[in-house]
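If you want the building blocks of each chain, they are given just below.
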Amino acid sequence: MTGSLRSALGYVAVAAAAYYALVVVPRDGDIAVMINGSIYAGYAILALSLALIWGFGGILSFGQASFFGLAGYVYAIAGINLGDTAVALFLAVAASAAFAAILGYFMFWGRLSDVYLGVITLTVSLILFRFFNQTAGEEWTIGAAPLGGFNGIPSTPILTPIGHPDQPLSPENIYILSVMALAFCYLLCRFVIATRFGRAVVAIRENPVRAELLGYDTRLYKLGVFVIGGAIAGLGGVVFANSVFVSPTMFNLQTNGQVIIWVIVGGLGTLAGPVLGCFAMLALSTWLGSLNGVASGWTDPNLVMGAVLTVCVVTLRQGLLPTVVAAGERLIATLLRRIRIQKFGQPHAVDEPL
Amino acid sequence: MSATPPLLEARGLVMRFGGVTAVGGVSMSIGEGELRCLIGPNGAGKSTFFKMLSGQLLPTAGEVLLRGRSIAGLHAASIARLGVGVKTQTPSVFDGLSVLESVRIATNAILPPNLARRRADEALERMQIGHLAKAVVGSLAHGQRQLVELSMVVSQAPDLILLDEPAAGMTGREVERLGDLIIDLVRTCSVIVVEHDMEFIRRIARTVTVFNRGVVLAEGPAAEVMSDARVRDVYLGKEAA
């Protein structure tokens, strides 16, 4: 199958998913589904940010949740103090991008190797976790916003329409906006990797030495894609803050580890794969959490997630999406050959093994 | 000193790795449109010397001047943008990209889109690998990968091209074509070639510089240098230690 056809089918699949999420689900009007859908969308945006910087930029950020959580907190604090959450949204995304720029500057200009990059990003995320975890008490109040320590900020404000800070959006509207934010981020990533900048980023992933010898300052390109990833993760954090509320768990080890699992299971090097991986793993852990009886002892979500990851790494080397796409292509090729055989009454190409 | 500085001048270049001196004070000057061959046994410091010229290594001491401007200490990408193209010893290519995409990456770095596209196509035609444009670089044979890397370098039309063992892994016909290509390149730019293949050197060489143990052992016209007894000894391993 040609690349352009595959790309067109990809857009059709994305459009179908968007139609289902934006038209079919709201028509059923199940509020629980929609609230869960917003949470999934927030996490999926986080997965997308890692899909971009790791899958295309080759930067393994083990602390992608730093930007997710930081944007959540900035959104909540700014929202409570300013009263206008639309402004808070922009501040939050800008703050996570700025934080990614500062962190990225030190990492890329310091010429850190990949392993240290993972260690440092994870450490930064865990420092943020520790910090926000101990912010219980009156002294940790920014303006009118108490940071709340381990409990987070349960009074995280809900988005309001621009100019109407006194009318918070309904869960249905938050759901629609969350799905649209996910679609927007997906298209943004597609756009970024299609630009010259994006092609250079991919080339740098393939061979940084060659890219430098051709005149690309690899530090600058890595920083660029890292900042875009930070901003996207930040938007995911704001979506999450609107669906649940902000708390230090946004930064913790489990969140950071999960994102990496979603990307690996869904397919590193693709954009839609990690989103699917995120949905599949979240659905699986929700289902496992709802089991009771004898089975529940053996179906600890973490245990099962670990098993799924292991199976994926060992058997589906490339992850779910690339495996499914490859299988689909083989099927189509076989069907086409059958049709040709029927048409001409005899096998077409003898040298082509079935 | 002449009115215009030489294209490239190395002055007393030294590179030490810990206690090991890989290059121990090399001075060399390359003029515009010159073809220079560097030869010498393994470990003589040729590749290290190249890496200092291209900015991949920071010299311990000494200076590199490009048209009179000091470039030692500049970032490799900045040196590349000043017009120095490098083909590394083992093919350094983008394995996951197609041949055409790879060359587009090279031309994109220096040209606007429509020109970049044309220049990339021209480079592939010039290297006679236009038929491989859509092939994934990682799936190609060693010699073809060498040509892909060369296409990337040539497509940027640099003023100086450093070729580190370009003929390695190529078939006889490919080597012949490479020789013609290098002679063709020298009409528009200067080329420094590191090579072990003496047959190849004889084919293309004009001026030859011989490296041994990190210093220049001999320099001069090809025929003269190759009949030098010291050079023969170095290559045959007879040198008294």
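In what follows, the structure referred to is the one given above.
A short tour of the structure in this document, coming up.

Here's the deal with the environment of Pro 248 of chain A
Residues and elements named next belong to chain A.
- Structurally, Pro 248 is set in the loop between helix 9 (218–243) and helix 10 (253–266).
- Taking the C-alpha atoms as reference points, Pro 248 and Ile 174, 74 residues apart in sequence, are found 22 Å from one another.
- Leaving out residues up to four positions away in the same chain, Pro 248 has contacts with Tyr 73, Phe 129, Phe 132, Asn 133, Gly 149, Phe 150 and Gly 152.

Regarding the interface of chain B and chain A
- At the interface, 30 residues of chain B touch 18 residues of chain A.
- Each partner contributes to the roughly 1,900 Å² buried at the junction of chain B and chain A, and carbon and sulfur atoms together form 55% of this total.
- Among the residues chain B hides against chain A, the three largest losses belong to His 75, Phe 94 and Ile 105 of chain B. Together they make up 30% of the total.
- Applying the counting rule to chain B against chain A returns two salt bridges.
- For Arg 199 of chain A, the salt bridge goes to Glu 101 of chain B, with nearest N and O atoms at 2.7 Å.

As for helix 13 (residues 301–315) of chain A
All names here are of chain A.
- In a regular helix each residue adds 1.5 Å, so 15 residues correspond to 21 Å; helix 13 covers 21 Å between its end C-alpha atoms and thus fits that length.
- If you check which residues of helix 13 are buried, you get Val 304, Met 305 and Cys 312. Mapping the buried residues of helix 13 onto a view down its axis gives an arc of 100°, with all of them on the same face. With respect to the buried face of helix 13, the exposed residues turned more than 90 degrees away are Leu 303 and Val 314.
- Turning to helix 13, the residues buried within the fold contact helix 10 and helix 11 (272–290).

Here's the deal with the pattern of salt bridges
All names here are of chain A.
- Taken as a whole and assessed by the stated rule, the structure comprises 19 salt bridges over all chains.
- A salt bridge links Arg 111 to Glu 212; the nearest nitrogen and oxygen atoms lie 3.7 Å apart. Of this pair, Arg 111 sits in the loop between helix 4 (85–109) and helix 5 (114–133) while Glu 212 sits in helix 8 (residues 208–213), placing them 101 residues apart in sequence.
- On the basis of relative accessibility, which here comes to 48%, the residue Arg 111 falls in the partly exposed class.
- Take Glu 212: its relative accessible area is 10%, and that puts it in the buried class.

Considerations on the packing of helix 4 (residues 113–126) of chain B against helix 5 (residues 142–155) of chain B
Residue and element names in this part refer to chain B.
- Interhelical geometry of helix 4 versus helix 5 gives an angle of 130° and a closest axis separation of 9 Å. In terms of orientation, helix 4 lies oblique with respect to helix 5. Here helix 4 and helix 5 pass one another in a crossing that is right-handed. Across the interface between the two elements, Arg 119, Ala 123, Leu 124 and Arg 126 from helix 4 touch Ser 151, Val 154 and Ser 155 from helix 5.
- Here the residues of the contact of helix 4 with helix 5 sort into three nonpolar, two polar and two charged.

Regarding the side chain of Arg 36 of chain B
Residue and element names in this part refer to chain B.
- Examined against the element boundaries, Arg 36 turns out to sit in strand 3 (residues 35–39).
- For Arg 36, a relative accessible area of 4% gives the class buried.
- A distance of 2.9 Å separates a polar atom in the side chain of Arg 36 from a polar atom in the side chain of Thr 209.
- Excluding residues within four positions of it along the chain, Arg 36 makes contact with Met 28, Ser 29, Ile 30, Val 191, Ile 192, Val 193, Thr 207, Val 208, Thr 209 and Glu 219.

Here's the deal with unusual backbone geometry
Residue and element names in this part refer to chain B.
- Residue Arg 67 is not a glycine yet carries a positive backbone phi of 50°.
- Checked against the element boundaries, Arg 67 lands in the loop between strand 4 (61–66) and strand 5 (69–70).
- When its relative accessible area of 40% is taken as the criterion, Arg 67 is described as partly exposed.

Examining the sheet that holds strand 7 (residues 160–164) of chain B
Residues and elements named next belong to chain B.
- An order of 6-7-8-3-9-10 is seen for the six strands of this open sheet, with the pairing classed as mixed. Where the open sheet ends on each side, the last strands, each with one partner, are strand 6 (84–87) and strand 10 (215–221). Neighbour-to-neighbour, the strand axes of the sheet open up by a mean angle of 15°, direction not taken into account.
- Two elements, strand 7 and strand 8 (residues 190–194), share five bridges in a ladder whose sense is parallel.

As for the pairing of strand 8 of chain B
All names here are of chain B.
- For strand 8, the buried fraction is high: five of the five residues fall into the buried class.
- Both faces of strand 8 are covered, namely the face carrying Ser 190, Ile 192 and Val 194 and the face carrying Val 191 and Val 193.
- Inspection of the sheet shows strand 3 paired to strand 8 by four bridges, in the parallel sense. By the bridge assignment for strand 8, Leu 35 is matched with Val 191.
- Taking the sense of rotation as the criterion, the β-α-β connection linking strand 7, helix 6 (residues 172–185) and strand 8 turns out right-handed.

Criteria and thresholds
Each chain has its residues counted from 1, running along the sequence as written. Whichever chain is written first is A, and whichever ligand is written first is 1; the rest continue in order. Thresholds applied to this predicted model are a pLDDT of at least 70 for local features of residues and 80 or more for the giving and counting of side-chain atom pairs; totals over whole chains, interfaces and linings are not thresholded and use all residues. In computing side-chain values, all of the structure's heavy atoms are included and hydrogens and water are not. Helix numbering and strand numbering both begin at the N terminus, where a helix is a DSSP run of H or I of at least 4 residues and a strand a DSSP run of E of at least 2. The contact definition used throughout considers only heavy atoms, calling two residues in contact when any of these lie within 4.5 Å. Accessible surface is computed with a 1.4 Å probe, and the buried area is the amount of it that two parts give up when combined, taken over both parts together. Salt bridges are identified by distance alone: a Lys or Arg side-chain nitrogen within 4 Å of an Asp or Glu carboxyl oxygen. Take the number of residues in a helix, subtract one, and multiply by 1.5 Å to get its expected span. Buried residues are those whose accessible area, probed at 1.4 Å on protein chains only, stays under 20% of the maximum for their type, while exposed residues exceed 50% and partly exposed ones sit between those limits. Note that the arc is defined by the directions from the helix axis to the C-beta atoms. In this description, a line fitted to the C-alpha atoms serves as the axis of each element, helices being fitted only across the stretch in contact, and the angle between N-to-C directions of two axes falls anywhere from 0 to 180 degrees. Angle categories are assigned with fixed cut-offs, so that under 35 degrees is roughly parallel, over 145 is roughly antiparallel, 65 to 115 is roughly perpendicular, and the rest are oblique. Crossing handedness follows the turn of the near helix against the far one: under a right angle anticlockwise gives a left-handed crossing, and clockwise gives a right-handed one. Polar here means any residue other than Ala, Val, Leu, Ile, Met, Phe, Trp, Tyr, Cys and Pro, which are nonpolar, and Asp, Glu, Lys and Arg, which are charged; Gly is therefore polar. Between N or O atoms, a polar contact is any pair within 3.5 Å; within protein, one atom must be a potential hydrogen donor and the other a potential acceptor, and residues adjacent in sequence are included only when both atoms are from side chains. Criterion used throughout: strands pair if DSSP finds at least two bridges between them. Note on handedness: a clockwise path from strand one over the helix to strand two, with the strands aimed away from the viewer, defines a right-handed crossover.

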